[in-house]
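# Working through the structure, step by step
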Amino acid sequence: MDMAEPPPPRLAAPHGPAGEGGERRGRPAVHGRWPPRRRPRPVVGRQMASGGKRKGRGRGAGAAAAWGRRAEAVALRKYFLPFLGTEPALDLDVSMDMWNFSYTCLASLWLHRFYIYSVIALGISLWIVVQLFTTKKKGEKSNGNLSSEVVEEKQANGYAALQAKEVYVAGIKIFYGSQTGTAKRFAKGLAEAVTSLNLPVEVISLGDYDPDDCLAEETTSRNICVFLVATYTDGQPTESAAWFCKWLEETANDFRFGKTYLKGLRYAVFGLGNSVYVDHYNTVGRNIDRWLWMLSASRIMTRAEGDCNVAQSKHGSIEADFEAWKTKFLNCLQALCRGERKPCSGKCKKGKCKSQGKQSKESSDHEHGASEYENAEAEELVETSSEEEADAEEVGGTNSVIDVEDLGNVMSHMKKAKRERELEEGVVGTSLSGETAGRKEAGEKREMITAALRDALTKQGYKLIGSHSGVKLCRWTKSMLRGRGGCYKHTFYGIESHRCMEATPSLACANKCVFCWRHHTNPVGTEWRWKMDQPEMILQEAIENHQNMIKQFKGVSGVKADRFEEAMTAKHCALSLVGEPIMYPEINRFLKLLHQHNISSFLVTNAQFPDEIRNLEPVTQLYVSVDASTKESLKRIDRPLFKDFWQRFLDSLKALSEKQQRTVYRLTLVKAWNVDELKAYADLVSLGKPDFIEVKGVTYCGESSASSLTMANVPWHEEVVRFVQELAELIPDYEIACEHEHSNCLLIAHKKFKVDGEWCTWINYERFQELVREHERSGGSKTFTAADYTARTPRWALFGSSQRGFDPLDVRYQRKNKAKDISGC
């Protein structure tokens, strides 16, 4: 059977009778449910088809048409319902109502859009304000953290996790190379200051650091590397820094590493030196700065140099120089931690960086920058208080290019170095050089004793006087007060050790001897550049301080009462405490004051001031230290400051030969250093023609970072005796006269002091005072010689006696657990 599509159902008239299916008049039933009767909406204002008259609320043709359309829709729905299989959830009129509702809402929103926009804008503004306030509060909270590290604390398994967003400085590594401990002390002080800024810090000795394995890691670690390095003998690094400097120099000149090997490493350098050493002033600090720069490392600030020479130091002492630099470094560090400062390009003048954030050109053209660095180095050296002629030659004598505007600085530097050289050679007299040239008034000169030096010397038992003098109680003074024997001067020359005052009018010295028993705590210098105290004040306070130290032995067990009373009046003054007494400009007035107080004078000089020796007034006994017999060994042992030290040494011996009073060579034997130069010593004896030659084994005074001496360098007394015997055979006019075994010392005397077969090495001190007074009254016309105030030497003091130089009136004290003491110290 053909299943043709059935025709659409016939629609009922809108006002017809009820038909099939239970249809109500005008409303078709859908599935047996009658839709609710709805009152048609009134048609207002419409024109009827017939005549165009208004019908008010009546049912017109329009209403009939609407109902017809509705009925037709219902019929269509009923027709298609079997095919759909389900009844729609909503009928057509409900959908139209929903559309009308949506349309109404959209229209309302459109009409009120300006209010909506205002509300949204207000909300966004409030959100921005809240964010700004929160950010500012976090910034204030993290402002105290100088590492600019934004930390967020998150609780994870009960622990706080720190998350760093950005770190400009991860930490500080302080490297030091020290010989006497000054650089190490500065490193610890700097570490404490950095720790107070809440930054991690590490202090490392260059001797314990392997740059080959570790230094390249600092290019990416974001650490700041600080180098505190001292310059030691002949411009060489300290022992602990020697390997680091050697490696860095080789790396900087090795093409295999490349010019950018240390690019990214940030560093600062503070050098420690003494401008008195003109040729080698702060050489190590300058070299390390140069080599790091050659490997593309970046300075965070200009190199600084501390000066031990208080007369030339920019701030009065090396401690003050370091404190000034430390303040600048901490300020720079804080700026780096906040990300406000970039590394220095190397073109700095007077410590001010003029190219912050402008290193791109320098890094891109590093080879051309090398010549610019040399120019900057020359400018910086000119600003230094005491400079090196060698550096000027390096600036102008290398292949580097010097700009025309820099020639003036270089020439000025070279002229200044030449003027300083002429000063040392005595061409220009005693005028001051460098910065001190303009300070002609004494009130503008600085004191020799700095605060740090005063503390160090006070701890060693010195009683400091004024700004450059001192006095100390000798251990032999204490020994003789107790009747335990006197020093070798008592054996050789008849000094009463308990009445001897050990002092100096000048703590400064022109040498840095390896066996210095003061451990190099005293300052050094080649001429007087400090404030000067009057000799009357120095002598008065020296006697008072000496008496006060003697008073401390009153009532001490073992002290002899008669010797205690005698010790309150000083009879001898040994001007050998420390330093170079002859440097004191008023040394002659000081010697006269001693003699006016009936105090004999024993003055020791290091043979570097020949003119002062010639101009010296009569001295009871004048010593010259002869620590070596050749130029090479003298430089190695005494480490003199003068460049012409050997000629000065020879001239001093010649000047000594012209003196009429007693003169002495003092030889200090250092085993494996100067004990094999007998012939050279004999030649020096013939040059200076001294009256006496003291030969003493070096005294070991404990381990010192300033010296490499050990007990192995101290000769036995038998070795000293053998050396003296061999030397005496080479100088026929001399013989061995006395011996003091306790001090490991022997005396060789000229044969003219052997009268009628008896040695007369002792001194008649009363006779000497009479001769000095006559000399002064005559205005210097009446002179006297060493033979005029001699005295016979007792037998117990002679070489070969059973007492071996120990006074039988005293009782020798033997240390416990030691059968024999010949150390002399």
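Residues numbered from 1 in each chain as written. Predicted model: local features only at pLDDT ≥ 70, side-chain atom pairs only at ≥ 80, totals over all residues. Heavy atoms only, no water.

## Topic: the nonpolar core
The nonpolar side chains of a soluble globular protein tend to be buried with one another. Counting residues in hydrophobic clusters, the biggest one holds 90 residues, and the most contacted among them are Val 626, Phe 649, Leu 667, Ile 693, Val 695, Leu 727 and Ile 748. The element contributing the most residues to this core is helix H21 (residues 645-657), with 7 residues. Setting aside chain neighbours within four positions, we find Leu 667 in contact with Val 626, Tyr 681, Ile 693, Glu 694, Val 695, Lys 696, Phe 723 and Leu 727. (Core = buried A, V, L, I, M, F, W, Y, C linked by side-chain atoms within 4.5 Å. Buried < 20%, exposed > 50% of the residue type's maximum accessible area, 1.4 Å probe, protein only. Helix = DSSP H or I, 4+ residues; strand = E, 2+ residues; numbered from the N terminus. Contact = heavy atoms within 4.5 Å.)

## Concerning the pattern of salt bridges
Taken as a whole, this structure holds 31 salt bridges when the rule is applied. For Glu 218, the salt bridge is made with Lys 173, and the minimal N-O distance between the two is 2.6 Å. Here Lys 173 lies in strand S3 (residues 171-177) and Glu 218 lies in the loop between helix H5 (211-214) and strand S5 (223-230), a separation of 45 residues in the sequence. Its relative accessible area of 2% is what places Glu 218 among the buried residues. Put simply, Glu 741 and Arg 804 hold a salt bridge, and the shortest N to O gap is 3.4 Å. (Salt bridge = Lys/Arg side-chain N within 4 Å of Asp/Glu carboxyl O.)

## With respect to helix H23 (residues 717-730)
The terminal C-alpha atoms of H23, which comprises 14 residues, lie 20 Å apart, in line with the 20 Å expected from a rise of 1.5 Å per residue. Those residues of H23 that fall on the buried side of the exposure criterion are His 717, Val 720, Val 721, Phe 723, Val 724, Leu 727 and Ala 728. Projected onto a plane normal to the axis of H23, the buried residues spread over an arc of 165° and lie on a single side. Residues of H23 that are buried sit in contact with strand S17 (662-669), helix H22 (678-688), strand S18 (692-697), strand S19 (734-740) and strand S20 (745-750). (Expected span 1.5 Å × (residues − 1). Arc of directions from axis to C-beta.)

## Some thoughts on the confidence of the model for the protein chain
The pLDDT averaged across the protein chain works out to 77; a share of 69% of its residues lies at or above 70. pLDDT under 50 marks residues 11-27. Its contacts with residues more than four places away, or in other chains, come to 25 contacts. (pLDDT = per-residue confidence, 0-100.)

## Some points on the sheet that holds S18
The sheet built from 10 strands is open, its strands ordered S11-S12-S13-S14-S15-S16-S17-S18-S20-S19 with mixed pairing. The sheet is open, and its two edges are formed by strand S11 (463-465) and S19, each paired on a single side. Shown here is a sheet whose adjacent strand axes are inclined to one another by a mean of 25°, direction ignored. Pairing analysis gives 3 bridges linking strand S13 (residues 500-504) to strand S14 (residues 572-575), with the strands arranged parallel. Looking at the pairing, Glu 502 lines up with Ala 574 of S14. Of the strands in this sheet, S14 and strand S15 (600-605) are in contact with helix H18 (residues 587-596), which crosses S15 at around 150°. (Pairing = 2+ DSSP bridges. Axes fitted to C-alpha atoms, helices over the stretch in contact; angles between N-to-C directions.)

## Observations regarding helix H8 (residues 318-337)
In a regular helix each residue adds 1.5 Å, so 20 residues correspond to 28 Å; H8 covers 28 Å between its end C-alpha atoms and thus fits that length. Looking at the buried residues of H8, the elements they touch are S3, helix H4 (182-195), S5, strand S6 (266-273) and strand S8 (304-307). Gly 339, located one to two residues past H8, shows a positive phi value of around 75°.

## Thoughts on the side chain of Lys 489
For Lys 489, the location among the structural elements is in helix H15 (residues 488-493). Contact partners of Lys 489, with chain neighbours within four places excluded, come to Gly 494, Ile 495, Tyr 623 and Arg 666.

## A closer look at the packing of aromatic side chains
Counted by the stated rule, this structure contains 23 aromatic pairs. Where Phe 175 meets Tyr 209, the ring centres are 4.7 Å apart and the plane angle is 65°; that geometry is what we call edge-to-face. Here Phe 175 is found in strand S3, whereas its partner Tyr 209 is found in the loop between strand S4 (201-205) and H5, with 34 residues between them in sequence. Take Phe 175 and Tyr 209: they sit in the same class, and that class is buried. Residues Trp 762 and Trp 796 carry aromatic rings whose centres are separated by 6.2 Å and whose planes lie at 80° to one another, so their mutual orientation is edge-to-face. Placement of the pair is Trp 762 in strand S23 (residues 762-763) and Trp 796 in the segment after strand S24 (790-791), with a sequence separation of 34 residues. (Phe/Tyr/Trp six-rings, centres within 6.5 Å; stacked < 30°, edge-to-face > 60°.)

## Structural notes on the side chain of His 775
Take His 775: it is sitting in helix H24 (residues 765-777). If we skip the residues at most four places from it in the chain, His 775 touches Glu 617, Pro 618, Gly 780, Lys 782, Thr 783 and Phe 784.

## Quick notes on the pairing of S4
As paired elements, S3 and S4 share 5 bridges and run parallel to each other. Bridge pairing in S4 places Tyr 176 opposite Ser 205. Taken together, S3, H4 and S4 constitute a β-α-β crossover, and its handedness is right-handed. (Right-handed = clockwise from strand over helix to strand, strands pointing away.)

## Points about the packing of helix H6 (residues 242-252) against helix H7 (residues 283-294)
Direction vectors running N to C along H6 and H7 enclose 40°, while the axes themselves pass 9 Å from each other. In terms of crossing hand, the pair formed by H6 and H7 is left-handed. When H6 is examined against H7, the residues Phe 244, Cys 245, Leu 248, Glu 249 and Ala 252 are found in contact with a partner set consisting of Val 284, Ile 288, Trp 291, Leu 292 and Met 294. Partitioned by chemical class, the residues of the contact of H6 with H7 number 9 nonpolar, no polar and 1 charged. (Left-handed = near helix turned anticlockwise from the far one by under 90°. Nonpolar A, V, L, I, M, F, W, Y, C, P; charged D, E, K, R; others polar.)

## Remarks on a nonpolar patch on the surface
Together, Leu 106, Leu 109, Phe 114, Ile 116, Tyr 117, Ile 120, Ile 124, Trp 127, Ile 128 and Leu 132 make up an exposed nonpolar region whose accessible area comes to about 1100 Å². Every element with two or more residues in the nonpolar patch is listed here: helix H2 (92-111) and helix H3 (113-142). A per-element tally of the nonpolar patch places H3 first, with 8 residues. Within the fold, Ile 120 resides in helix H3. (Patch = residues over 30% accessible without salt bridge, like charges linked within 9 Å, V, L, I, M, F, W, Y side chains within 5 Å. Areas by Shrake-Rupley, 256 points an atom, 1.4 Å probe, with all protein chains shown as cover.)

## Here's the deal with a negative patch on the surface
On the surface, a cluster of negative charge is made up of Asp 210, Asp 212, Asp 213 and Glu 217. If you trace the backbone, Asp 213 turns up in helix H5. (Lys, Arg positive; Asp, Glu negative; His and termini not counted. Charge placed at Lys NZ, Arg CZ, Asp CG, Glu CD.)

## Thoughts on the pairing of S3
Most of S3 is tucked away, with 7 of its 7 residues classed as buried. Residues Gly 171, Lys 173, Phe 175 and Gly 177 of S3 are buried on one face, and the alternating residues Ile 172, Ile 174 and Tyr 176, pointing to the opposite face, are buried as well. Relative to S5, S3 is paired through 7 bridges, and the arrangement is parallel. Paired with Ile 172 across the bridge in S5 is Ile 224.

## Quick word on unusual backbone geometry
A positive phi angle, close to 50°, is found at Asn 282, a residue other than glycine. Among the structural elements, Asn 282 can be located in the loop between S6 and H7. A positive phi angle, close to 55°, is found at Asn 598, a residue other than glycine.

## Looking at the state of the cysteines
Scanning the entire structure with this criterion turns up 0 disulfides. Cysteine Cys 573 shares no disulfide, and the gap to the nearest cysteine sulfur, in Cys 500, comes to 7.1 Å. (Disulfide = S-S within 2.5 Å.)

## Side note on the packing of helix H20 (residues 631-638) against H21
In contact at an axis separation of 10 Å, H20 and H21 are set at 100° when each is read in the N-to-C sense. Here H20 is positioned roughly perpendicular relative to H21, judged by the angle of their axes. Two secondary-structure elements touch here, H20 through Lys 631, Leu 634 and Lys 635 and H21 through Phe 645, Trp 646 and Phe 649. When grouped by side-chain class, the residues that make up the contact of H20 with H21 number 4 nonpolar, no polar and 2 charged. (Parallel < 35°, antiparallel > 145°, perpendicular 65-115°, else oblique.)

## Some remarks on the environment of Val 278
On the secondary structure map, Val 278 appears in the loop between S6 and H7. The exposure class assigned to Val 278 is buried, which follows from its relative accessible area of 12%. Taking the C-alpha atoms as reference points, Val 278 and Phe 642, 364 residues apart in sequence, are found 9.2 Å from one another.

## Some details on the environment of Leu 650
Tracing the backbone shows Leu 650 in helix H21. Residue Leu 650 is classed as buried on the basis of its relative accessible area, which comes to 18%. Spatially, the C-alpha atom of Leu 650 lies 8.6 Å from that of Pro 610, the residues being 40 residues apart in sequence. Those residues in contact with Leu 650, other than ones at most four positions away along the chain, are Leu 684 and Leu 687.

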